[in-house]
Amino acid sequence: MAEVDEESHVCDAAITLAFSVLGKRWNGMIVSSLGGGPSTFVALRRGVSGISDTVLSDRLAELADAGLVARTVDAGPPVTVSYALTSSGEGLLPILDQLGQWASTNLEVRAR
């Protein structure tokens with residue numbers, strides 16, 4: 001019986017780890033936006049409506065540190081920075097799609 005409890009604990013730890021990154025506001029939306037291909041900071045800001053420059057910058061750094069997003073600098077001229085999903089980040093896209101479908105079916109949209 002202890003073996004089953006240990007396996008449940010490992011699953012909980014993995015879910016906790018996943019939500020420590022994906023549970024932060026905006027991160028799922030940024031990953032989803034990058035699902036369309038590499039993007040610049042300005043294009044991401046437009047694609048993730050309502051996010052501030054500071055928060056977007058912080059979230060992109062967190063996602064890069066987690067290995068989900070790659071940051072590429074082209075020395076130019078002009079210097080350009082683009083962001084793209086890594087293979088790990090791309091692996092999240094079907095999961096985010098499933099989560100969105102589940103939310104549409106099971107969660108009530110409330111007017112603000």
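Just above sits the structure.
Definitions and limits used
- Counting restarts for each chain, with residues numbered from 1 along the sequence as it is written.
- In view of the model being predicted, local features appear only for residues whose pLDDT reaches at least 70, and side-chain atom pairs are presented and counted only at 80 or more, with totals across whole chains, interfaces and linings using the full set of residues.
- For the side-chain quantities, the full set of heavy atoms in the structure was used; hydrogens and water were omitted.
- Secondary structure counts use DSSP, requiring at least four H or I residues in a row for a helix and at least two E residues in a row for a strand, with both numbered from the N terminus.
- Note on classification: 1.4 Å probe, protein chains only; a residue is buried when its accessible area is under 20% of the maximum for its type, exposed when over 50%, partly exposed between these limits.
- Throughout, a contact is declared for two residues whenever any of their heavy atoms are within 4.5 Å.
- Throughout this description, the term nonpolar core refers to a set of buried Ala, Val, Leu, Ile, Met, Phe, Trp, Tyr and Cys residues connected via side-chain atoms within 4.5 Å.
- Excluding any residue in a salt bridge, patches collect residues exceeding 30% relative accessible area, merging like charges within 9 Å and nonpolar Val, Leu, Ile, Met, Phe, Trp and Tyr side chains within 5 Å.
- The method behind every accessible area is Shrake-Rupley, applied with a 1.4 Å probe, and residues are considered shielded solely by the protein chains displayed.
- One speaks of a salt bridge when a side-chain nitrogen belonging to Lys or Arg is within 4 Å of a carboxyl oxygen belonging to Asp or Glu.
- Two strands qualify as a pair provided DSSP detects at least 2 bridges between them.
- Here the expected length of a helix is defined as 1.5 Å per residue gap, with one fewer gap than residues.
- A residue's bend is given by the angle between axes fitted to the 7 residues ending at it and the 7 residues starting at it.
- What counts as an axis is a line fitted to C-alpha atoms, over the stretch in contact for a helix, and the angles between N-to-C directions run from 0 to 180 degrees.
- Under this scheme an angle from 65 to 115 degrees is roughly perpendicular, one under 35 degrees roughly parallel, and one over 145 degrees roughly antiparallel; angles in between are oblique.
- For this classification, Asp, Glu, Lys and Arg are treated as charged, while Ala, Val, Leu, Ile, Met, Phe, Trp, Tyr, Cys and Pro are nonpolar and the rest, including Gly, are polar.

Caption draft 1: Looking closely at the side chain of Arg59. Tracing the chain through its elements places Arg59 in helix H4 (residues 53-65). By relative accessible area, which is 17% here, Arg59 ends up buried. Residues in contact with Arg59, not counting those within four places in the same chain, are Lys24, Arg25, Trp26, Asn27 and Ile30.

Caption draft 2: Spatial organisation of the nonpolar core. Ile30, Leu34, Leu60 and Val69 are the most contacted members of the largest nonpolar core, which totals 15 residues. Breaking this core down by element, the ones donating at least two residues are helix H2 (27-34), H4 and strand S3 (80-85). In contact with Val69, other than residues within four places in its own chain, are Leu34, Leu60, Leu63, Ala64, Tyr83, Ala84, Leu85 and Thr86.

Caption draft 3: Representation of a nonpolar patch on the surface in the model. A grouping of Leu99, Trp102 and Leu107 is seen on the molecular surface, where their side chains present a nonpolar patch of about 310 Å² in accessible area. Exposure remark for Leu107: the relative accessible area of 47% places this residue in the partly exposed category.

Caption draft 4: Summary view of the sheet that holds strand S2 (residues 69-74). A sheet is described by the order of its strands in space; here three strands give the open sequence S1-S3-S2, paired in antiparallel fashion. Here the strands that pair on one side only, and so sit at the sheet edges, are strand S1 (39-40) and S2.

Caption draft 5: Structural view of helix H5 (residues 87-106). End to end, H5 covers 29 Å across 20 residues, agreeing with the expected 28 Å (1.5 Å per residue, within 8%). The sharpest bend along H5 measures roughly 25° and falls at Pro94.

Caption draft 6: Structural context of the packing of H2 against H5. Two numbers describe how H2 lies on H5: the axes approach to 9 Å, and their chain directions differ by 105°. One element, H2, and the other, H5, form an angle in the roughly perpendicular class. Within the contact between the two elements, H2 uses Gly28, Val31 and Ser32 and H5 uses Gly89, Leu92, Leu93 and Leu96. Residues of the contact of H2 with H5, tallied by class, amount to four nonpolar, three polar and no charged.

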